Amino acid sequence: FGFGKKSAKGVGLIQKKQWEKAQAYLEKATAEEKVEMANACAGMAVREVYDVLAPMVRDSDPKVQLAAVKAFGKIGDPRAVVHLQWLLARVPETQTELVSAIHDAITTSRAGKPM
């Protein structure tokens, strides 16, 4: 299904809960890898996931931003709201999917419990 060995590395770090290595890996990961990492984070409601997802919200690639926003929406960590609001203020309204996902994630995050 088109994923090279390299892409599994970032996801593997998350699955093994090697948070600091995963954060460091973000600096050299491709957009596709970051999307996969965000998706992997979405299923893990642990405090450290926040530290991996927060920089992705500020990524230059909208696909990465969307994946991070959706992951934050699934996790429901109130600390994400500040990052989501930051992104919302910068996203053009024409990016309707991202704007909608941000609103949903803010709602979920505000209702969530801190990790």
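Attention here is on the structure that accompanies the text.

Reading the values: rules and limits
Numbering of residues starts from 1 in every chain and runs along the sequence as written. Under the rules for a predicted model, residues below a pLDDT of 70 receive no local features and side-chain atom pairs below 80 are neither given nor counted, while totals for whole chains, interfaces and linings still include all residues. Side-chain numbers come from the whole structure's heavy atoms, not from hydrogens or water. For helices, the fitted axis covers only the stretch in contact; all axes are lines through C-alpha atoms, and the angles between them, taken along N-to-C directions, range from 0 to 180 degrees. Helix and strand assignments come from DSSP, with helices taken as H or I runs of at least 4 residues and strands as E runs of at least 2, each series counted from the N terminus. Crossing handedness: left-handed means the near helix sits turned counterclockwise from the far one by under a right angle, and right-handed means the same turn made clockwise. Residue contacts follow a heavy-atom distance rule, with two residues in contact if any of their heavy atoms lie within 4.5 Å. Gly is put with the polar residues, along with every residue not named as nonpolar or charged; the nonpolar set is Ala, Val, Leu, Ile, Met, Phe, Trp, Tyr, Cys and Pro, and the charged set is Asp, Glu, Lys and Arg. Here the nonpolar core consists of buried residues drawn from Ala, Val, Leu, Ile, Met, Phe, Trp, Tyr and Cys, with membership extended through side-chain atoms lying within 4.5 Å. For every residue, the accessible area (1.4 Å probe, protein chains only) is compared with the maximum for its type, and the residue is labelled buried under 20%, exposed over 50%, or partly exposed between those bounds. For this analysis, a ring pair means two rings from Phe, Tyr or Trp (six-membered ring only for Trp) whose centres lie within 6.5 Å, classed as stacked if their planes differ by under 30 degrees, edge-to-face if by over 60, and tilted for the remaining angles. Placement of a charge over a ring requires the Lys NZ or Arg CZ to be within 6 Å of the ring centre, with the centre-to-atom vector within 35 degrees of the ring normal.

**So, the packing of helix H3 (residues 31-42) against helix H4 (residues 47-57)**
With their axes 10 Å apart at the nearest point, H3 and H4 run at an angle of 145 degrees to one another. In terms of crossing hand, the pair formed by H3 and H4 is left-handed. On H4, the residues touching Lys-34, Met-37, Ala-38 and Cys-41 of H3 are Val-49, Val-52, Leu-53 and Met-56. For the contact of H3 with H4, a count of residues per class yields seven nonpolar, no polar and one charged.

**Some points on the nonpolar core**
Nonpolar side chains in soluble globular proteins generally cluster together in the buried interior. Within the largest apolar cluster, 40 residues are counted, with the highest numbers of intra-cluster contacts made by Ile-14, Leu-53 and Met-56. If you list the elements that add at least two residues to this core, you get helix H1 (5-15), helix H2 (19-26), H3, H4, helix H5 (62-75), helix H6 (81-88) and helix H7 (96-111). For this core, the element with the highest residue contribution is H5, accounting for eight residues. Ignoring any residue separated from it by four or fewer positions in sequence, one finds Ile-14 in contact with Trp-19, Ala-22, Met-37, Ala-40, Cys-41, Met-44 and Val-52.

**Here we look at the packing of aromatic side chains**
Summed over all chains, the structure comprises one aromatic pair. Just above the ring of Trp-86 sits the side chain of Arg-58; from NZ or CZ to the centre is 4.1 Å. Its guanidinium or amino end placed over the ring of Tyr-50, Arg-79 lies 4.0 Å from that ring's centre, counting from NZ or CZ.

No statement about biological role is implied by the geometric values presented.
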